[in-house]
2 protein chains.
Amino acid sequence: MPVPAAVRLGTGRVLIDAKTTIALTDFVDNRLRAGVTRALVRLQDRTGLVLSREFAANADAATLVVACKGPGLSPPGLGEDESYTLDASRQVVLSANTVVGALRGLETFLQLLAGDRDGFFIPAVSIQDRPRFPWRGLLIDAGRHFEPVEVIKRELDAMAAVKLNVLHWHLSEDQGFRVESRKYPKLHELGSDGQYYTQDQLREVVEYARMRGIRVVPEFDMPGHVMSWVVGYPELASAPGPYTIARKFGVFDAVFDPTRPDTYRFIDSFIGEISKIFPDAYWHLGGDENNGKQWKANPKIQEFMQKRGIKDTAGLQTYFNQQLIGILRKHGKRMMGWDEILEPGLPKEAVIQSWRGQRSLVDAAKQGYDSVLSAGYYIDLLNTAATHYAVDPLPASSDLTPAEAAHVLGGEATMWGEWVGPETIDSRIWPRTAAIAERFWSPRDTASVDDMYRRLAVVSVQLEELGITHLRNADVLLRRLTAGADPAPLRVLADVVEPVKGYQRGGQQSGMTTLGPLTHLVDAVSTDSLGAREVSGLVEHLLSDAPHFMLGRDQLQTRFASWRDEHAGIVRLADAAPALAEVTPLADDLAAMGAIGLDAIACLSRGIVPDAAWRDARIATLTEAGRPKAALEFPFVLAMRELVVAAAEQGQLSTMTPAEWLARVKTLAGPPRRGRGVVPVVR
Amino acid sequence: MPVPAAVRLGTGRVLIDAKTTIALTDFVDNRLRAGVTRALVRLQDRTGLVLSREFAANADAATLVVACKGPGLSPPGLGEDESYTLDASRQVVLSANTVVGALRGLETFLQLLAGDRDGFFIPAVSIQDRPRFPWRGLLIDAGRHFEPVEVIKRELDAMAAVKLNVLHWHLSEDQGFRVESRKYPKLHELGSDGQYYTQDQLREVVEYARMRGIRVVPEFDMPGHVMSWVVGYPELASAPGPYTIARKFGVFDAVFDPTRPDTYRFIDSFIGEISKIFPDAYWHLGGDENNGKQWKANPKIQEFMQKRGIKDTAGLQTYFNQQLIGILRKHGKRMMGWDEILEPGLPKEAVIQSWRGQRSLVDAAKQGYDSVLSAGYYIDLLNTAATHYAVDPLPASSDLTPAEAAHVLGGEATMWGEWVGPETIDSRIWPRTAAIAERFWSPRDTASVDDMYRRLAVVSVQLEELGITHLRNADVLLRRLTAGADPAPLRVLADVVEPVKGYQRGGQQSGMTTLGPLTHLVDAVSTDSLGAREVSGLVEHLLSDAPHFMLGRDQLQTRFASWRDEHAGIVRLADAAPALAEVTPLADDLAAMGAIGLDAIACLSRGIVPDAAWRDARIATLTEAGRPKAALEFPFVLAMRELVVAAAEQGQLSTMTPAEWLARVKTLAGPPRRGRGVVPVVR
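Predicted, not measured: the structure shown is a model, and the values here were computed from it.

Asker: Describe the pattern of salt bridges, listing the residues and the values that go with them.
Answerer: Overall, the coordinates contain 92 salt bridges over all chains when judged by the stated rule. Here Arg-182 of chain B and Glu-180 of chain B are joined by a salt bridge, their closest N and O atoms 3.4 Å apart.

This is the structure we're talking about:
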């Protein structure tokens with residue numbers, strides 16, 4: 001994962017044992033050597049074998065031969081050749097034109113490792129691979145919650161494992177300015193609560209990324225989202241201030257004054273300082289969510305607009321962007337921005353990042369702008385991997401000409417930082433982002449959701465070897481919630497709930513600030529509940545087996561019984577651990593659903609048709625269970641409704657086919673409380 | 001934990017809710033403010049409450065009042081006043097003479113947090129606390145395996161949580177030189193594989209420790225253990241070289257040449273550079289395990305010894321130490337060394353660290369040397385917490401006079417680095433070191449092992465909030481071993497095995513190097529198997545219930561049945577995950593023990609007396625099961641032998657009292673394969 005462009009399976013295998021060696025033929029540099037050594041260590045750690053760190057002198061006898069033609073682009077750039085071929089027959093031969101191509105192939109090599117009673121091996125295979133899109137990114141917002149360097153580094157390792165190649169590092173926000181500026185020290189001193197990256201750390205991360213074939217595109221959001229800038233430099237703002245670091249979330253009024261030459265002198269000088277740290281050709285200036293209030297309220301700014309014939313705040317922002325594009329050009333950078341910047345007059349070299357919908361991507365491409373898709377990849381909305389997987393930057397239905405389509409560079413998953421900290425960010429990025437990475441790399445027709453989830457489960461565990469904490473920290477959070485008591489009963493609940501989707505959590509926990517705790521049950525659970533998916537699937541299975549209702553019945557009964565039986569255990573935990581108080585209503589709902597499920601199954605398997613009062617009481621209970629609590633929800637409430645309706649509607653089975661009956665049940669049970677598709681992006 | 005010097009419980013409670021505030025009265029500095037804020041964040045994360053970060057202006061209305069008299073020693077020193085009092089009645093009042101005392105009290109405050117249906121609270125209590133010993137340390141060996149800064153930082157947080165106050169940082173070894181030297185760059189460039197601390201990082205760690213009231217004592221081991229020094233500077237050695245970094249473990253020959261003035265000029269200049277980074281008054285020069293071979297083989301050195309009337313290599317080492325003590329004095333440092341340095345002629349200002357046995361501690365104290373005990377606290381020997389807990393630096397039986405006893409400064413747990421890396425070191429340090437910390441802090445009569453284990457389990461989970469990975473990483477390692485498959489069957493085995501004690505692992509995995517994998521089952525399991533302890537306890541329980549044999553029977557049967565039943569699951573996992581091949585013999589042993597246990601219980605509960613052949617066959621199986629495999633062992637094999645013997649000896653119950661009978665069973669079943677006490681230290 002991602003699935004390669006072309007795979008041909010062979011017969012036989014290449015053994016991986018204690019004598020395993022790697023030979024580097026052709027081009028070799030430190031980056032390749034370090035990458036191969038990292039792969040060797042991972043191979044060693046997975047197999048428990050003590051492997052030699054010396055590269056083999058005799059390539060013919062080596063287990064793996066890495067034949068790399070040259071270094072590739074320096075610094076890493078958008079046009080990098082990331083293709084590689086991997087042939088495993090007598091030995092494994094990995095060939096690539098560039099070091100980055102070889103690094104991509106090494107990840108494939110590690111994913112191919114298999115084992116059986118005869119030991120570890122690489123199955124015979126012939127792979128020809130290259131990415132579908134050249135821009136495959138992950139945005140990490142270190143502004144709203146700071147993420148220390150070790151977090152960023154492990155995300156880079158995980159990105160490399162799934163062949164992502166751009167870290168879009170969101171470094172300033174209303175809630176925090178995260179970069180040391182020697183020219184303007186009040187930026188980090190007053191804007192960060194002491195939580196910022198030193199320039200040495202920034203360089204360290206850029207180099208760490210380069211070693212893994214990943215570009216780093218910094219974002220300093222402007223002219224809006226600048227509250228943390230103007231704490232130290234209120235003169236940049238369009239209203240006098242004073243300002244303090246934002247602690248809540250949302251859109252704030254603070255915006256740069258685009259009419260003062262000093263604003264541009266400041267920005268020019270700041271970019272001059274910081275752009276030296278980031279060698280990438282692209283620079284993201286944000287440009288989103290400027291509400292224009294300060295501009296409208298400032299008579300000088302209004303006068304400036306009139307004088308220049310600027311009609312509205314969007315026009316003024318385009319004026320600002322035009323100045324910025326000049327500054328960036330001077331420092332050798334191409335401007336990138338959120339799709340608000342796509343306004344008449346925007347120079348064509350700007351790159352558009354579409355977040356408000358796929359429409360702006362199409363518009364930009366048609367107007368000749370390079371563009372990158374993020375709408376549909378907002379992982380902070382907490383949708384399932386399947387939801388994101390279904391979004392394609394260039395769907396088959398696209399009406400773009402080939403020339404226009406070439407402007408679609410790829411996409412980026414966005415990990416906005418309102419509700420994640422160092423302990424939880426991994427479980428919000430991973431494993432879902434691996435599915436998105438596959439969408440960006442693999443051929444368009446790689447689309448089976450079931451197969452994606454099967455492979456995602458494997459990759460998910462492999463990410464742990466890179467230090468990713470998405471699996472291990474779940475229990476840490478549960479144990480903290482139970483104050484150290486065995487969380488086993490709580491796990492029965494945690495396994496079948498999902499965080500509320502979209503930005504509903506803010507409504508449920510309205511007292512929250514950037515300094516508040518991210519230690520609730522919602523922080524511990526997966527965004528893709530495997531347990532919930534199983535329940536829905538089993539109900540589907542059972543109802544499709546009308547009129548016998550045997551398929552999946554035993555498994556459902558076992559699960560429903562556990563919901564009923566563990567209720568007391570959760571309540572007992574909550575009695576000694578008040579942090580669980582918010583969870584007991586969910587435990588009540590779950591126990592009620594367990595009883596309902598058992599009841600309905602009993603009716604179905606014995607052919608007992610309950611009356612309307614029975615049905616209505618249970619539907620009412622399920623409606624209550626369908627209401628989010630503690631920012632959590634049960635994704636299978638609709639399936640439970642179907643189960644109840646099915647029991648009540650058994651009599652109809654004699655008058656129609658099972659398929660007709662099932663359709664009727666689904667109609668009567670639904671529509672669901674709300675769709676399970678993409679929740680509209682409203683930040 | 002550690003238990004305070006004096007605790008008086010009251011009645012009532014102080015509520016902890018969303019309105020909780022903290023007031024700082026009296027002395028305040030950045031260190032105190034940061035410490036209180038860290039405590040507040042931990043309180044917030046445990047409770048899920050959004051707490052104000054503003055300190056309360058009105059102390060009278062605050063939940064917690066911190067009254068601190070002054071800053072304490074700067075830089076942190078041995079004589080620091082760490083005492084505090086904590087009174088919880090209407091509000092919680094924490095009083096201390098120093099910031100460090102207040103930090104200690106804040107940890108107690110956090111340990112007092114409790115909860116019930118009415119919410120979180122601090123129970124009414126009055127505590128007067130101070131440490132028994134002023135030197136309470138943890139040695140971390142970053143030489144044999146490098147431990148990145150983030151590892152050291154989280155250990156410091158955990159140390160502070162259990163009131164340890166000295167990080168003894170072992171920074172150079174045959175296997176690695178871990179410090180950047182600008183004067184002698186070949187030390188870190190050629191001696192570290194690129195794995196070293198920059199000087200900025202060293203300063204960062206020292207400051208991080210200071211903020212937590214922890215001193216940092218660096219160790220640069222010499223004249224032996226210097227292989228990594230002489231890779232870059234072979235002229236320092238007593239034989240010409242060339243040298244390479246050691247990859248295996250043990251005692252190597254490389255030793256400084258103590259006869260050349262250049263050696264001392266080098267050391268003087270090096271210490272001059274590095275001592276500026278470590279403000280502590282103490283400097284550890286190692287001094288252990290010099291085998292003297294190079295000295296004996298070098299004619300010039302022999303000539304030097306003859307000329308000066310130095311009789312043997314121990315005398316030459318004392319000569320070396322005398323030069324060193326002068327150099328250290330010049331740089332304002334007191335010398336500390338391992339107990340080999342305790343030889344006639346050693347200046348009295350040297351501090352002796354006893355590792356070869358408690359005898360040298362007593363000898364040192366009687367001769368007027370300050371001394372620190374590490375014998376008995378070698379946590380790398382993988383003994384249980386109870387074993388270490390039983391060792392006292394000043395046992396009641398000590399014959400030291402009060403003046404001599406005052407030379408015993410305390411003790412240090414030692415985490416030697418042969419078999420730990422960043423992923424596993426936490427589970428080798430924690431939670432056992434918390435028991436050792438209690439031994440150093442609490443009154444001598446705090447000695448109940450059962451109560452220690454009860455409290456240790458609570459502290460163990462609380463350490464997770466500081467990032468300690470001892471619990472979470474166990475499953476990470478298991479999932480890697482199973483190649484991602486559900487490790488549930490394997491967990492049944494993992495829960496009842498312990499790593500072989502002492503340094504037996506080196507014999508079992510002789511091909512291992514510093515670069516090899518630390519990802520075997522032995523790396524995943526606890527050194528204090530709770531499951532194994534339960535089995536032994538339940539057997540004890542059952543046999544003490546002769547002739548009824550009811551107590552604990554059901555629990556034993558359930559457990560024995562799971563050993564038998566999960567065998568197939570483990571084998572199935574191993575079939576697809578060759579890294580588990582070494583584990584299947586253990587699964588076989590466990591299944592066999594399960595069957596034996598069920599058999600024996602059946603005999604006992606039905607009064608069936610099996611014959612000698614039955615007994616002998618089972619004892620033979622248990623003898624085999626008692627042999628370590630994959631560097632693991634079952635700690636309850638003796639209990640299983642007792643169970644078998646008990647079944648066979650039931651007939652004797654009619655001729656003696658149950659107590660006599662039990663004694664007879666134990667005699668016939670034992671002695672154990674070997675004692676469970678402290679394994680002799682042979683490194």
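Asker: Give me empty space enclosed by the protein: which residues, what numbers.
Answerer: Residues and elements named next belong to chain B. The full count for this structure, using the stated rule, is ten cavities of 30 Å³ or more. What lines the largest cavity is a set of 16 residues, among which Asp-380, Leu-382, Trp-419, Gly-502 and Arg-505 lie closest to the centre. Listing elements by their share of the lining of the largest cavity, those giving two or more residues are helix H19 (504-508) and helix H20 (521-524). Along the lines of polarity and charge, the residues of the lining of the largest cavity split into nine nonpolar, two polar and five charged.

Asker: For the packing of aromatic side chains, give the residues involved together with the corresponding values.
Answerer: Under the criterion given, the structure shown has 52 aromatic pairs over all chains. Measuring from ring centre to ring centre gives 4.6 Å for Phe-146 of chain B and Tyr-197 of chain B, while their planes differ by 45°; the resulting arrangement is tilted. Residue Phe-146 of chain B is located in the loop between strand E8 (135-141) and helix H3 (149-161), and its partner Tyr-197 of chain B is located in the loop between helix H4 (186-191) and helix H5 (199-211); the two are separated by 51 residues in the primary sequence. Using a relative accessible area of 12% as the deciding quantity, one classes Phe-146 of chain B as buried. Its relative accessible area of 0% is what places Tyr-197 of chain B among the buried residues. Here the guanidinium or amino end of Arg-13 of chain A rests over the ring plane of Phe-121 of chain A, the centre of that ring lying 3.5 Å away. Cation over ring: Lys-186 of chain A sits above Tyr-233 of chain A, and NZ or CZ is 5.0 Å from the ring centre.

Asker: Hey, could you go over the interface of chain B and chain A for me, with residue numbers and the actual values?
Answerer: Counting residues at the interface gives 37 residues for chain B, matched by 37 residues for chain A. Here chain B packs against chain A, burying approximately 3200 Å² in sum over the two surfaces, 57% of which is carbon and sulfur. Joining chain B to chain A, the criterion identifies four salt bridges. With its nearest N and O atoms 3.1 Å apart, the salt bridge here joins Arg-117 of chain B to Asp-575 of chain A. At the junction of chain B and chain A, the tally comes to 14 residue pairs in polar contact (both at pLDDT 80 or more). For the side of chain B that touches chain A, the secondary-structure elements that each account for two or more residues are helix H1 (30-47), strand E6 (114-116), strand E7 (119-129), helix H17 (472-481) and helix H23 (567-576) of chain B. Element by element, the count of residues in the side of chain B that touches chain A is highest for H17 of chain B, at five residues.

Asker: Which residues make up the relation of the copies chain B and chain A, and what values do they have?
Answerer: Overlaying chain B on chain A yields an RMSD of 0.0 Å, the required transformation being a rotation through 180° with an accompanying axial translation of 0.0 Å. The operation mapping one copy onto its partner corresponds to a two-fold rotation axis. Considering only C-alpha atoms, the part of chain B nearest the rotation axis is Arg-472 of chain B, at 2.6 Å. Residue by residue, 100% of the interface of chain B is reproduced at the interface of chain A, so both copies engage with the same surface.

Asker: Please provide a residue-by-residue account of the pairing of strand E7 (residues 119-129) of chain A, values included.
Answerer: Two faces make up the sheet, and in a regular strand the side chains alternate between them. Residue and element names in this part refer to chain A. Where burial is concerned, most of E7 is hidden: nine out of the eleven residues are buried. With eight bridges joining them, strand E1 (residues 6-16) and E7 adopt antiparallel strand pairing. Bridge pairing in E7 links Arg-13 to Pro-123. Linking strand E6 (residues 114-116) to E7, which pair antiparallel, is a turn of two residues.

Asker: Give me helix H23 (residues 567-576) of chain A: which residues, what numbers.
Answerer: Listed as buried for H23 of chain A are Gly-569, Ile-570, Leu-573 and Ala-574 of chain A. Along the axis of H23 of chain A, the buried residues cluster in a sector spanning 135°; they form a single face.

Asker: Quick one: what's the story with the packing of H3 of chain B against H5 of chain B, residue by residue and with numbers?
Answerer: Residue and element names in this part refer to chain B. Axis separation between H3 and H5 bottoms out at 10 Å; the angle between their running directions is 10°. Classified by the interaxial angle, the pair formed by H3 and H5 is roughly parallel. The segment H3 lies against H5, with Val-149, Ile-152, Lys-153, Leu-156 and Asp-157 engaging Gln-201, Glu-204, Val-205, Tyr-208 and Ala-209.

Asker: Describe the packing of helix H21 (residues 530-544) of chain B against helix H26 (residues 637-648) of chain B, listing the residues and the values that go with them.
Answerer: Residue and element names in this part refer to chain B. It is the contact of H21 with H26, at a shortest axis distance of 9 Å, that shows an interaxial angle of 25°. Comparing the axis directions of H21 and H26 gives the class roughly parallel. In this structure, the crossing between H21 and H26 has a hand that is left-handed. On H26, the residues that touch Ser-536, Val-539, Leu-542 and Leu-543 of H21 are Ala-639, Glu-642, Leu-643 and Ala-646.

Asker: Lay out the side chain of His-188 of chain B with the relevant residues and their values.
Answerer: In this fold, His-188 of chain B is placed in helix H4. Excluding residues that lie within four positions of it along the chain, His-188 of chain B makes contacts with Phe-177, Val-179, Glu-180, Ser-181 and Tyr-196 of chain B.

Asker: Which residues make up the confidence of the model for chain A, and what values do they have?
Answerer: The pLDDT averaged across chain A works out to 95; a share of 98% of its residues lies at or above 70. Segment residues 673-683 of chain A is flagged for pLDDT under 50; beyond a separation of four residues in sequence, or across chains, it makes 31 contacts in the model.

Asker: Could you give an account of the nonpolar core, with specific residues and numbers?
Answerer: Ranked by size, the top nonpolar core spans 110 residues in total, and within it Leu-167, Trp-169 and Trp-229 of chain B carry the most contacts. At eight residues, the largest contribution of residues to this core is made by H3 of chain B. Those residues in contact with Trp-169 of chain B, other than ones at most four positions away along the chain, are Ile-140, Ala-142, Ile-152, Tyr-197, Leu-202, Val-205, Val-216, Val-217, Pro-218, Glu-219 and Phe-278 of chain B. Among the nonpolar cores identified, the runner-up in size contains 108 residues, and Leu-164, Ile-274, Ala-350 and Met-452 of chain A belong to it.

Asker: An account of the environment of Ala-630 of chain B is requested, with residue identities and associated values reported.
Answerer: Residue and element names in this part refer to chain B. Here Ala-630 is to be found in the loop between helix H25 (612-625) and strand E18 (632-633). For the pair formed by Ala-630 and Leu-580, sequence separation is 50 residues and the distance between their alpha carbons is 9.9 Å. When near neighbours in sequence (up to four residues on either side) are disregarded, Ala-630 contacts Gln-508, Val-522, Glu-582 and Leu-586.

Asker: Lay out helix H3 (residues 149-161) of chain A in plain terms, naming residues and giving numbers.
Answerer: Residues and elements named next belong to chain A. The terminal C-alpha atoms of H3 lie 19 Å apart, and with 13 residues this matches the ideal 18 Å at 1.5 Å per residue to within 8%. Burial runs high along H3: twelve of the 13 residues are buried. Considered for burial, the residues of H3 that qualify are Val-149, Val-151, Ile-152, Lys-153, Arg-154, Glu-155, Leu-156, Asp-157, Ala-158, Met-159, Ala-160 and Ala-161. Lining the buried residues of H3 we find helix H1 (30-47), helix H2 (99-112), strand E8 (135-141), strand E9 (166-173), helix H5 (199-211) and helix H14 (425-429).

Asker: So what's going on with unusual backbone geometry? Residues and values would help.
Answerer: Residues and elements named next belong to chain B. With an omega of 5°, the peptide bond between Trp-430 and Pro-431 qualifies as cis. With respect to the helices, strands and loops of the structure, Pro-431 is situated in the loop between helix H14 (425-429) and helix H15 (432-441). In this structure, Pro-547 follows Ala-546 across a cis peptide bond, with omega equal to 5°. For Pro-547, the location among the structural elements is in the loop between H21 and helix H22 (553-565). The phi torsion at Phe-549 lies on the positive side, around 55°, for a residue other than glycine.

Asker: For the side chain of Thr-108 of chain B, give the residues involved together with the corresponding values.
Answerer: All names here are of chain B. Mapped onto the secondary structure, Thr-108 falls in helix H2 (residues 99-112). For Thr-108, a relative accessible area of 6% gives the class buried. For Thr-108, the side chain forms a polar contact with the side chain of Lys-163, separated by 2.7 Å. The contacts of Thr-108, once residues within four sequence positions are left out, are Tyr-84, Ile-127 and Lys-163.

The rules behind these values
- Residues numbered from 1 in each chain as written.
- Chains lettered and ligands numbered in written order.
- Predicted model: local features only at pLDDT ≥ 70, side-chain atom pairs only at ≥ 80, totals over all residues.
- Heavy atoms only, no water.
- Salt bridge = Lys/Arg side-chain N within 4 Å of Asp/Glu carboxyl O.
- 1 Å grid on protein atoms, 1.4 Å probe; cavity = no way out; pocket = protein on both sides within 12 Å on 5 of 7 lines; lining within 4 Å.
- Points joined across faces, edges and corners; volume = space filled by probe spheres on them.
- Helix = DSSP H or I, 4+ residues; strand = E, 2+ residues; numbered from the N terminus.
- Nonpolar A, V, L, I, M, F, W, Y, C, P; charged D, E, K, R; others polar.
- Phe/Tyr/Trp six-rings, centres within 6.5 Å; stacked < 30°, edge-to-face > 60°.
- Buried < 20%, exposed > 50% of the residue type's maximum accessible area, 1.4 Å probe, protein only.
- Lys NZ or Arg CZ within 6 Å of the ring centre and 35° of its normal.
- Contact = heavy atoms within 4.5 Å.
- Buried area = accessible area lost by both parts, 1.4 Å probe.
- Polar contact = N/O pair within 3.5 Å; in protein donor to acceptor, adjacent residues only side chain to side chain.
- Least-squares fit on C-alpha atoms with pLDDT ≥ 70 in both.
- Pairing = 2+ DSSP bridges.
- Arc of directions from axis to C-beta.
- Axes fitted to C-alpha atoms, helices over the stretch in contact; angles between N-to-C directions.
- Parallel < 35°, antiparallel > 145°, perpendicular 65-115°, else oblique.
- Left-handed = near helix turned anticlockwise from the far one by under 90°.
- pLDDT = per-residue confidence, 0-100.
- Core = buried A, V, L, I, M, F, W, Y, C linked by side-chain atoms within 4.5 Å.
- Expected span 1.5 Å × (residues − 1).

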